[in-house]
Amino acid sequence: MWIGRMGNALALAGQSAASTAFLTCFYLLSFLPTMLSPMVASLSGAGKHDEVKAKVSETLSLCNIMGFVGMLVLTLKPMWMLQLVLASDAPALEVAIPYLRLRALSLIPSIITATSFAAFRGTLDTKTPLYVCIASSAIKLVLDPFFIFHSGLGAAGATISTLISETVASVINFYLLWKRDLIDINLVTKIPTKKSLLPMLAGGGIMMVRQIAINVCTLASSRASQSIDSTGVSAAAFGILMQIYTIGFVVHVAMQGAAAAIIPTELAKSGVKKARTVANRLFSWSVVTGCALGIIQVSVLPFILKLFTPLEEIQKAIVAPAVVASILHAVNGPRFVGEGEMMGLSSFRDLTLITLGGMAILLGALRTSLGNSVQGIMIAQLMFCSYQTITLVLHYLFVGKLKFPFSREKLN
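The notes below deal with the structure included here. The shown structure was predicted, so the numbers you read here are calculated from the model rather than taken from an experiment.

### Points about the overall build of the protein
Point 1. When you go through the protein residue by residue, the secondary structure sums to 16 helices and zero strands.
Point 2. In summary, the protein has a C-alpha radius of gyration of 21 Å against a globular reference of 22 Å for 412 residues, a match within 12%.
Point 3. In terms of principal-axis extent, the alpha carbons of the protein reach across some 60 × 60 × 35 Å.
Point 4. Residues classed as buried in the protein amount to 53% of the 412 residues present.

### Regarding a nonpolar patch on the surface
Point 1. A contiguous nonpolar surface patch, about 380 Å² in accessible area, is contributed by Phe 68, Val 69, Leu 72 and Leu 76.
Point 2. Looking at where Phe 68 falls in the secondary structure, it is placed in helix α3 (residues 49-76).
Point 3. On the basis of relative accessible area, Phe 68 is assigned to the partly exposed category, the value being 44%.

### Side note on the pattern of salt bridges
Where charged atoms from two side chains of opposite charge approach closely, those side chains can pair.
Point 1. Using the criterion set out here, one finds six salt bridges in the structure.
Point 2. In this structure, Lys 53 engages Asp 181 in a salt bridge whose closest nitrogen and oxygen atoms are separated by 2.6 Å. Linking Lys 53 in helix α3 with Asp 181 in the loop between α8 (157-179) and α9 (185-188), this pair joins segments that are 128 residues apart in sequence.
Point 3. The exposure class assigned to Asp 181 is partly exposed, which follows from its relative accessible area of 34%.

### What to know about the packing of helix α2 (residues 31-45) against helix α6 (residues 107-122)
Packed helices, taken two at a time, are described by the angle between their axes plus the distance between the axes.
Point 1. Two elements in contact, α2 and α6, have axes whose closest approach is 7 Å; the angle formed by their N-to-C orientations is 25 degrees. Classed by the angle they form, the pair α2 and α6 counts as roughly parallel. α6 is crossed by α2, and the crossing has right-handed handedness. Contact with α2, carried on its side by Pro 33, Leu 36, Ser 37, Val 40, Ala 41 and Ser 44, involves Ala 114, Thr 115, Ala 118, Ala 119, Arg 121 and Gly 122 of α6 and no other residues of that element.
Point 2. Taken together, the residues that form the contact of α2 with α6 break down as seven nonpolar, four polar and one charged.

### Comments concerning unusual backbone geometry
Point 1. We note that Leu 124 has phi near 65 degrees; this positive angle belongs to a residue other than glycine.
Point 2. Positionally, Leu 124 belongs in the loop between α6 and α7 (127-149).
Point 3. Although it is not a glycine, Ser 346 sits at a positive phi angle of roughly 60 degrees.
Point 4. Tracing the backbone through its elements, the reader meets Ser 346 in the loop between α13 (312-344) and α14 (348-366).
Point 5. Overall, the relative accessible area of 45% leaves Ser 346 in the partly exposed class.

### Some words on the packing of aromatic side chains
Point 1. Evaluated as defined, the whole model comprises seven aromatic pairs.
Point 2. When the ring of Phe 146 is compared with that of Phe 147, the centres are 5.1 Å apart and the planes differ by 75 degrees; the resulting orientation is edge-to-face.
Point 3. Above the face of the Phe 22 ring, Arg 103 is positioned so that its terminal group lies 3.9 Å from the ring centre.
Point 4. The lysine or arginine in question, Arg 276, covers the ring of Phe 404, its NZ or CZ lying 5.5 Å from the ring centre.

### Focus on the environment of Gly 204
Point 1. Looking at the element boundaries, Gly 204 is found in helix α10 (residues 194-226).
Point 2. On the basis of relative accessible area, Gly 204 is assigned to the buried category, the value being 0%.
Point 3. Taking the C-alpha atoms as reference points, Gly 204 and Met 35, separated by 169 residues in sequence, lie 7.4 Å from one another.
Point 4. Apart from residues no more than four positions distant in its own chain, Gly 204 is found in contact with Phe 31 and Met 35.

### Focus on the nonpolar core
Point 1. Ranked by size, the top nonpolar core spans 43 residues in total, and within it Leu 74, Leu 86, Leu 100 and Leu 107 carry the most contacts.
Point 2. By residue number, the principal contributor to this core is helix α1 (residues 9-29), which donates eight residues.
Point 3. Excluding residues within four positions of it along the chain, Leu 86 makes contact with Ala 17, Ala 92, Leu 93, Ala 96, Arg 223 and Gln 226.
Point 4. Counting residues in hydrophobic clusters, the runner-up holds 36 residues, among them Phe 238, Tyr 245, Ala 322 and Val 324.

### Looking at the side chain of Ser 170
Point 1. Note that Ser 170 resides in helix α8.
Point 2. Since its relative accessible area comes to 7%, Ser 170 is described here as buried.
Point 3. Separated by 2.8 Å, the side chain of Ser 170 and the backbone oxygen of Thr 167 make a polar contact.
Point 4. Dropping the residues within four chain positions of it, Ser 170 is found in contact with Pro 109, Ile 112 and Thr 113.

### Some words on the packing of α6 against α8
Point 1. Close contact between α6 and α8 brings their axes to 8 Å; oriented N to C, the two are set at 40 degrees. Considered as vectors, α6 and α8 are oriented oblique to each other. The two elements α6 and α8 cross, and the hand of that crossing is left-handed. Residue-level inspection shows Pro 109, Ser 110, Ile 112, Thr 113, Ser 116, Phe 117, Ala 119 and Phe 120 of α6 in contact with α8, the latter providing Glu 166, Thr 167, Ala 169, Ser 170, Asn 173, Phe 174, Leu 176 and Leu 177.

### Concerning α6
Every α-helix winds through 3.6 residues per turn, so residues three or four apart in the chain are directed the same way.
Point 1. Helix length check: α6, at 16 residues, gives a terminal C-alpha distance of 23 Å against a target of 22 Å (1.5 Å per residue), a fit within 8%.
Point 2. Where burial is concerned, most of α6 is hidden: 14 out of the 16 residues are buried.

### Comments concerning the layout of surface pockets
Point 1. Volume-wise, the second largest pocket comes out at about 180 Å³.
Point 2. Surrounding the second largest pocket, 17 residues form its lining, Ala 90, Pro 91, Gln 226, Asp 229 and Ser 230 being those nearest its centre.
Point 3. Contributions of two or more residues to the lining of the second largest pocket are made by α1 and α10.

Conventions adopted
Residues numbered from 1 in each chain as written. Predicted model: local features only at pLDDT ≥ 70, side-chain atom pairs only at ≥ 80, totals over all residues. Heavy atoms only, no water. Helix = DSSP H or I, 4+ residues; strand = E, 2+ residues; numbered from the N terminus. Rg over C-alpha atoms; globule rule 2.2 N^0.38 Å. Buried < 20%, exposed > 50% of the residue type's maximum accessible area, 1.4 Å probe, protein only. Patch = residues over 30% accessible without salt bridge, like charges linked within 9 Å, V, L, I, M, F, W, Y side chains within 5 Å. Areas by Shrake-Rupley, 256 points an atom, 1.4 Å probe, with all protein chains shown as cover. Salt bridge = Lys/Arg side-chain N within 4 Å of Asp/Glu carboxyl O. Axes fitted to C-alpha atoms, helices over the stretch in contact; angles between N-to-C directions. Parallel < 35°, antiparallel > 145°, perpendicular 65-115°, else oblique. Left-handed = near helix turned anticlockwise from the far one by under 90°. Contact = heavy atoms within 4.5 Å. Nonpolar A, V, L, I, M, F, W, Y, C, P; charged D, E, K, R; others polar. Phe/Tyr/Trp six-rings, centres within 6.5 Å; stacked < 30°, edge-to-face > 60°. Lys NZ or Arg CZ within 6 Å of the ring centre and 35° of its normal. Core = buried A, V, L, I, M, F, W, Y, C linked by side-chain atoms within 4.5 Å. Polar contact = N/O pair within 3.5 Å; in protein donor to acceptor, adjacent residues only side chain to side chain. Expected span 1.5 Å × (residues − 1). 1 Å grid on protein atoms, 1.4 Å probe; cavity = no way out; pocket = protein on both sides within 12 Å on 5 of 7 lines; lining within 4 Å. Points joined across faces, edges and corners; volume = space filled by probe spheres on them.

In structure tokens form, the structure reads like this:
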């Protein structure tokens, strides 16, 4: 938001490209936290605390190692990632390179926080991640204006406030994990053994393929927006639109996390029938929350655009695509619960195959005229998400571990 208020379209475009590159690396490395939550939920539901403790500790150790490697790559060779989003002669590189180098320093704290949140959700503790997130966001909100406007770093100053807030969050999370006896310091500070490493990487390999597919979709959409014009207006509009969408997106992610934790816990404690009842309730609420988020976003849009940028040409470029983004919220409600249900029940292979199908649809759409405008890119995203939602719901009803016991007698 504060970068948008600098009134510089290229600054926004560069920040958007660098953020996409960072998040691509982050999500590529955070496939293990994605798997951790349902694992912890299943083990915790079965009363196996020692195994929970070992699993969280080993995941945290491996994530930190991968995070360190990722940080080095982004810091020393930022163009390796940025070339996936920007052309080699793009004007936005002037902002994107220093921004990404500094943003990379927060990769390890971000992964520690993601792993910690996954562990908390797995034990059905949703309040702790919320409180830590609020505290971290408050720190960033206070520090952003100073580092952007008064540190001499410009847009890259936002990365310093992010580093501070993420570091504080990671320290708090690590302390809380230790205090609640969810980690073993000895296991966290050493490389996982081959015996514990192989099962994680075996399942993690499938999820990494899914993460790659999601990242390809993100990069393709961002690159398309960066290629529309050389002024940075379209890229800036797309970047701001994604920021606005993300405000509601966190609700979908919360629903996904709830599904990934609650459903396997109920399955372990009470069996298939109870787990199915919980899943049905989550799907119902996801429809309500998705529609509500869409209505809220399209309603408040005229009032919040000026908070993100004073440039009228960017504001105008956002309006029509924002309507499509509002529809995305309604479509994505059941999608994220469906993903959470499959994660919680370890249906990683099927989930990955569904994501790969969605990736093919998105990439094909972007190669048409849809890829020549921000609104077209959002329509391509809508096609991707609609396919995902329909397929995930059908999988839940007819294929998954909680599939409904349809029979001729019941149908008659």
